[in-house]
Amino acid sequence: MALGFWLLYIAVVVLSVIVFNLGFARKLPLLKNVVVYTGLVIGCFVLTFFAIFMPVVEALIAIAAVLGIYRIRLRIHKRKQQVAG
């Protein structure tokens, strides 16, 4: 039971970091990055309790996929603009 909770917690943290980096991360100094990721890890502990009864991990996977596709399309669009312009 405890192992399942910690595995779920690790999955939530990893997916939250991926989603944060794909969608919201900015270039920050090291200390500010430490503060942001510490808050993210603490917040994921609360999300893990929700993930027991709700599809939090599945939603994070879907969000990561959508943001990943968006990033790829944005990069392709910028390359086309550079070539054309």
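Residues numbered from 1 in each chain as written. Predicted model: local features only at pLDDT ≥ 70, side-chain atom pairs only at ≥ 80, totals over all residues. Heavy atoms only, no water.

## A word on the nonpolar core
Point 1. Listed in full, the twelve residues of the largest apolar core are Tyr9, Val12, Val13, Leu15, Val19, Cys44, Ala51, Val56, Val57, Leu60, Ala64 and Leu67.
Point 2. Secondary structure elements with two or more residues in this core: helix 1 (2-23), helix 2 (30-53) and helix 3 (56-84).
Point 3. Contact partners of Val57, with chain neighbours within four places excluded, come to Leu8, Val12 and Leu15. (Core = buried A, V, L, I, M, F, W, Y, C linked by side-chain atoms within 4.5 Å. Buried < 20%, exposed > 50% of the residue type's maximum accessible area, 1.4 Å probe, protein only. Helix = DSSP H or I, 4+ residues; strand = E, 2+ residues; numbered from the N terminus. Contact = heavy atoms within 4.5 Å.)

## Examining the packing of aromatic side chains
For any pair of aromatic rings, the description consists of the separation of the ring centres together with the inter-plane angle of the planes.
Point 1. Counted according to the given criterion, the structure contains eight aromatic pairs.
Point 2. Taken together, a centroid distance of 5.8 Å and an interplanar angle of 80° make the contact between Phe5 and Phe45 edge-to-face. You can see Phe5 sitting in helix 1 and its partner Phe45 sitting in helix 2, a full 40 residues away along the chain.
Point 3. For Phe45, a relative accessible area of 33% gives the class partly exposed.
Point 4. With a centroid separation of 5.2 Å and 90° between ring planes, the pair formed by Phe45 and Phe49 is classed as edge-to-face. Here Phe45 pairs with Phe49, and both are found in helix 2, just four residues apart, close to one helical turn.
Point 5. Residue class for Phe49 comes out partly exposed when judged on its relative accessible area of 42%.
Point 6. Following the ring pairs from residue to residue traces out a cluster consisting of Phe5, Trp6, Tyr9, Phe45 and Phe49. (Phe/Tyr/Trp six-rings, centres within 6.5 Å; stacked < 30°, edge-to-face > 60°.)

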